[in-house]
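Architecture at a glance
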Amino acid sequence: MKAEHITQAYQVAKERYAAIGVDTDAALKKLQAIKISMHCWQGDDVKGFMMPEGDLTGGIMSTGNYPGAAKTPDQLRQDLEKAFSLIPGQHKLNLHAIYLDTDEKVDLNEIEPKHFEKWVAWAKEQGLGLDFNPTFFSHPMMKDGFTLSHPDKEVRDYWIEHGKRSRKVAEYMGKELGQVCYNNFWVPDGFKDNPVDRLSPRKRLMESLDKIFADQVDETYTQDAVESKLFGLGAEAYTVGSHEFYMGYGLTRGKIILLDAGHFHPTEVISNKLSSLALFGKGIMLHVSRPVRWDSDHVVIMDDELQDIAKELVRNDLLDKAVIGLDFFDATINRIAAWVIGTRNTQKALLKALLEPTKDLKDMENSFDFTSRLAYTEELKDFPYADVWNYFCLQNDVPVGLDWLTNVRQYEEEVLSKRN
């Protein structure tokens, strides 16, 4: 599309939205300020660089064998640069501990900030922030499907040390980059079949986390988040770190509670949880994903739940309180395309929410004018948000419409196809 046509279409859309009291320029300014924390693990199918040939464990599965997966930190950074160049705005990268970049042979209980210096230097060059995650999976010390809640103290101590060290790494990242590095704790411990004792593992997990968080870190640079899950492969009957466990832990320990869109019952959604959590929690962190009958981490599409998540954040003025991260990994399609589709869709959903006349809609509801509320929310579905989105892409000098796909195909031919 030509720039003048995009601008003309935007002006028409701007007038239509102005007629219902929406300032599109103000909406775009707000969208520009929203940082999405894009996950590194889409680029290599969650293998990392500590034990790249190791089996993926912890209830996780990446399916597909699309060619061109990153096999080194440099390749992953190259792919990330390509993806970020096709996404409007300035964002963050979410790193897992197994993605360290060092020539040393280092185990998870030995990681230090120096093992991530290359990532920090790269983030500075790219103008990106970093978030972090300790890795409690795909490791020989994950014994019998358990880590922090294992009955063997030696196993627990190993993972406690890893958790402590991850917080120091996150603090270093935040300090070097001048923005908070959110450090998210997800622990996959659980039983495949029905347990007799559900309490003891949760007590051990609570005590292990308390030991990890006993060390003081500067919250100017890093803050801890805790993430629940309903079940995983090999832990279908019982997960120690359930929603109720981490809700209680986060509220009583002053930790941010992370909600993953794929970590609940198939008919349960996280959008309806945000307003409640906002009343009591220290903060909200999201892993925006797409479950298909289970936590399958499909690429985020413009479905109802994605739009409802965005509406809840915007309508309740939670954008400053929420950290929006992504979590999906699909090895059946081009991995860079997956990043671009998922991140741009998340931004589009936020834009659609920002283009609502929120105050007017709330006034209708508060006056019990449900007729107008329904009429407006339905009519808004046909408003030209796409023309506003195209203009946003033009402003940020990134491809409009499907032009980004041509860019990815060229990169695939020139770079990805040449990898072994």
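Residues numbered from 1 in each chain as written. Predicted model: local features only at pLDDT ≥ 70, side-chain atom pairs only at ≥ 80, totals over all residues. Heavy atoms only, no water.

**A few points about a nonpolar patch on the surface**
Short version of the rule: Candidates for patches are residues over 30% relative accessible area with no salt bridge; among them, like charges are joined within 9 Å and nonpolar side chains (Val, Leu, Ile, Met, Phe, Trp, Tyr) within 5 Å. Method for areas: the Shrake-Rupley scheme with a 1.4 Å probe, in which residue coverage is limited to the protein chains shown. Put simply, a salt bridge is a Lys or Arg side-chain nitrogen that is within 4 Å of an Asp or Glu carboxyl oxygen. Segments assigned H or I by DSSP are reported as helices when at least four residues long, segments assigned E as strands when at least two residues long, and all are numbered from the N terminus. The buried label applies to any residue whose accessible area, calculated with a 1.4 Å probe on protein chains only, is under 20% of its type's maximum; exposed applies above 50%, and partly exposed to all values in between.
On the surface, a cluster of nonpolar side chains totalling about 360 Å² of accessible area is made up of Leu251, Leu279 and Phe280. Mapped onto the elements, Phe280 comes out in helix α8 (residues 274-280). Taking relative accessible area as the criterion, Phe280 reaches 62% and is therefore assigned exposed.

**Re the UniProt feature "binding site: Mn(2+)" (unreviewed entry) in the protein chain**
Condition: UniProt positions are given in the numbering used here, feature names are shortened, and annotations may be inferred rather than shown by experiment. Cavities and pockets are defined on a 1 Å grid built over the protein atoms alone: a cavity is a set of grid points where a 1.4 Å probe fits but cannot escape, while a pocket is an open set with protein on both sides within 12 Å along at least five of seven lines, and lining residues are those with an atom within 4 Å of any such point. Should any heavy atoms of two residues lie within 4.5 Å, those residues are counted as being in contact. Definition of a polar contact: a pair of N or O atoms within 3.5 Å, with one able to donate and the other able to accept a hydrogen when the atoms are protein atoms, and with sequence-neighbouring residues admitted only if both atoms are side-chain atoms.
The feature "binding site: Mn(2+)" (unreviewed entry), as annotated in UniProt, sits at His263, Asp295 and Asp297 in this numbering. Spanning 35 residues, the named residues nonetheless gather at one spot, since no C-alpha pair among them exceeds 9.7 Å. Of the residues named above, His263, Asp295 and Asp297 line the largest cavity. For His263, the location among the structural elements is in the loop between β8 (256-260) and α8. The contact partners of His263, leaving out residues within four places of it in the chain, are Trp186, Glu227, Ser228, Lys229, Leu230 and Asp295. A polar contact of 3.4 Å, which involves the side chain of His263, links it to the side chain of Glu227.

**What to know about the layout of surface pockets**
Here is the rule we go by: Grid points are joined across faces, edges and corners, and a volume is the space filled by probe spheres set on the points. Only Asp, Glu, Lys and Arg are considered charged in this grouping, and only Ala, Val, Leu, Ile, Met, Phe, Trp, Tyr, Cys and Pro are considered nonpolar; every other residue, Gly among them, is considered polar.
Quantified by volume, the largest pocket comes out at close to 780 Å³. Around the largest pocket, the lining is made up of 35 residues, and of these Lys30, Ile34, Asp317, Leu319 and Asp320 lie nearest the centre. Among the elements of the structure, α2 (24-32), α9 (304-315), β10 (322-326) and α11 (358-366) are those that each provide at least two residues to the lining of the largest pocket. For the lining of the largest pocket, the per-class residue count stands at 17 nonpolar, six polar and twelve charged.

**Examining the side chain of Arg335**
Examined against the element boundaries, Arg335 turns out to sit in helix α10 (residues 335-354). Within the structure, the side chain of Arg335 is placed 2.9 Å from the side chain of Asp45, a separation counted as a polar contact. Of note is the side chain of Arg335, whose polar atom sits 2.7 Å from the backbone oxygen of Tyr66. Sequence-distant contacts of Arg335, defined by excluding residues within four places in its chain, comprise Gln42, Gly43, Asp44, Asp45, Asn65, Tyr66, Pro67, Gly68, Ala69 and Asp330.

**Focus on the nonpolar core**
Heads up, the condition is: Here, nonpolar core refers to any group of buried Ala, Val, Leu, Ile, Met, Phe, Trp, Tyr and Cys residues whose side-chain atoms link them within 4.5 Å.
By size, the foremost hydrophobic cluster in this structure holds 123 residues, and its most contacted members are Met173 and Leu209. In terms of residue count, α10 provides more of this core than any other element does, ten residues in total. Sequence-distant contacts of Met173, that is, excluding residues within four places in its chain, are made with Leu95, Phe116, Val120, Leu130, Phe132 and Cys181. Among the nonpolar cores identified, the runner-up in size contains seven residues, and Val180, Tyr182, Ile256 and Leu258 belong to it.

**Looking at the packing of helix α1 (residues 3-18) against α2**
Stated precisely, the cut-off is as follows: Every axis corresponds to a line fitted to the C-alpha atoms, with the helix fit spanning only the stretch in contact, and the corresponding angles, defined between N-to-C directions, vary from 0 to 180 degrees. Roughly parallel here means an angle under 35 degrees, roughly antiparallel means over 145, roughly perpendicular means 65 to 115, and every remaining angle is called oblique.
Relative orientation of the contacting elements α1 and α2 amounts to 105 degrees, with a least axis distance of 9 Å. When the interaxial angle is binned, α1 and α2 end up roughly perpendicular. Listed contacts from α2 to Tyr10, Lys14 and Tyr17 of α1 are Thr24, Asp25 and Leu28. Looking at the contact of α1 with α2 residue by residue, the class counts come to three nonpolar, one polar and two charged.

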